[in-house]
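Chain by chain, the residues:
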Amino acid sequence: MISSQRIWDRGAALTSTLHWFETELLTKEENPIGLMALNRETLGQVECFDSSDRVVLDMDSSESPVHGEQEGSAYNGHFESVCYHPLFLFNSHGDCLAAKLRPGNVHSAEDWDELLLPEIERQQAEGKEVAFRADAAFAKPEIYEALEGRGVKYAIRIPANDNLERDIAELLTRPVGRPSQKPVVRYKGFL
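No experiment lies behind these values; they were computed from the predicted model shown. (Residues numbered from 1 in each chain as written. Predicted model: local features only at pLDDT ≥ 70, side-chain atom pairs only at ≥ 80, totals over all residues. Heavy atoms only, no water.)

Trainee: Mind laying out the overall build of the chain, listing which residues take part and the relevant values?
Mentor: Secondary structure summary: the chain contains five helices and eight strands in total. Tracing the chain from N to C terminus, the helices and strands come up as α-α-β-β-β-β-β-β-α-β-α-β-α. Relative to its 191 residues, the chain shows a buried fraction of 26%. Sequence-distant contacts, at least 24 apart, represent 47% of the contacts inside the chain between residues at least 6 apart. (Helix = DSSP H or I, 4+ residues; strand = E, 2+ residues; numbered from the N terminus. Buried < 20%, exposed > 50% of the residue type's maximum accessible area, 1.4 Å probe, protein only. Contact = heavy atoms within 4.5 Å.)

Trainee: Help me get a handle on the packing of helix 3 (residues 112–125) against helix 4 (residues 141–149), residues and values and all.
Mentor: Where helix 3 contacts helix 4, the two axes come as close as 12 Å, and the packing angle between them is 10°. Viewed along their axes, helix 3 and helix 4 adopt a mutual orientation that is roughly parallel. On helix 4, the residues touching Trp112, Leu116, Leu117 and Ile120 of helix 3 are Glu142, Ile143, Ala146 and Leu147. Classifying every residue of the contact of helix 3 with helix 4 gives seven nonpolar, no polar and one charged. (Axes fitted to C-alpha atoms, helices over the stretch in contact; angles between N-to-C directions. Parallel < 35°, antiparallel > 145°, perpendicular 65-115°, else oblique. Nonpolar A, V, L, I, M, F, W, Y, C, P; charged D, E, K, R; others polar.)

Trainee: Break down the pattern of salt bridges for me, citing the residues and quoting the values.
Mentor: Opposite charge on two side chains permits pairing when their charged atoms draw close. Counted by the stated rule, this structure contains eight salt bridges. Its salt-bridge partner being Asp111, residue Lys100 comes within 3.2 Å of it at the nearest N-O pair. With Lys100 in strand 6 (residues 96–100) and Asp111 in the loop between strand 6 and helix 3, the pair connects residues that are 11 residues apart, well separated along the chain. A relative accessible area of 19% means that Asp111 is categorised as buried. Residue Lys153 is joined to Glu129 by a salt bridge in which the shortest nitrogen-to-oxygen separation is 3.3 Å. (Salt bridge = Lys/Arg side-chain N within 4 Å of Asp/Glu carboxyl O.)

Trainee: Provide a residue-level description of the sheet that holds strand 2 (residues 64–65), including the pertinent values.
Mentor: Strand order in the open sheet made by the three strands is 2-4-3, with antiparallel pairing throughout. Strand pairing shows two members of the sheet lacking a second neighbour, strand 2 and strand 3 (74–76), which therefore form its edges. Pairing of strand 2 with strand 4 (residues 81–84) involves two bridges; the strand directions are antiparallel. Within strand 4, the position partnered with Pro65 by the bridge is Cys83. (Pairing = 2+ DSSP bridges.)

Trainee: Explain the packing of aromatic side chains to me, using residue names and the numbers behind them.
Mentor: Taken as a whole and judged by the stated rule, the model has two aromatic pairs. Between Tyr144 and Tyr154, the ring centres sit 5.4 Å apart and the planes meet at 15°, which makes this aromatic pair stacked. In this pair, Tyr144 sits in helix 4 while Tyr154 sits in strand 8 (residues 153–156), placing the two residues 10 residues apart along the sequence. (Phe/Tyr/Trp six-rings, centres within 6.5 Å; stacked < 30°, edge-to-face > 60°.)

Trainee: Give a detailed account of the nonpolar core, specifying residues and quantitative values.
Mentor: Of all hydrophobic cores here, the largest spans 22 residues; its most connected members are Leu57, Met59, Leu116, Phe132 and Phe138. Secondary-structure elements contributing two or more residues to this core are strand 1 (54–61), strand 5 (87–91), strand 6, helix 3, strand 7 (129–134) and helix 4. The dominant element in this core, judged by the number of residues it contributes, is helix 3, at five residues. Beyond its immediate chain neighbours, meaning those up to four positions away, Phe138 contacts Met59, Asp60, Leu87, Ser108, Ala109, Trp112, Ile143 and Ile156. (Core = buried A, V, L, I, M, F, W, Y, C linked by side-chain atoms within 4.5 Å.)

Here it is, written out as structure tokens:
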């Protein structure tokens, strides 16, 4: 039987190792770049086995809460926590192609170009058609322009707004009676 003290000691050792990793290794500029390059090289080797001529890239940010006063952490009102606000780029297989650790108080789309544009160029250099997906935080004219200028198709959620809600008001009503066990999906096309 493992004692609770032994579990506590292992947890403390892991915490100490992670602290060292975050504060000693990741704070040196060349180390995260090297880790990203290693990750990218490994994924590149795996991609050689993928014969598809199309790649879908997904970008999203996340919350990484902190407990203490770690350098670069900040309060984020959306998440209601002190955190880092990392940005991630994934392929359609769920592989993380790029990531950036950012302060907790930055906008979800900040630094999108540092991660996305090099990957688009890399994929297009390999002859692949690139498509991009993201949530409403990435609905920004500069992102649309960059994607369209590179011939990238995209699906980016539109933020809620009064004009959109007015045009789809009839779709927002709930059906009478008990809620269905299946989601209700409705479509409407308009310019």
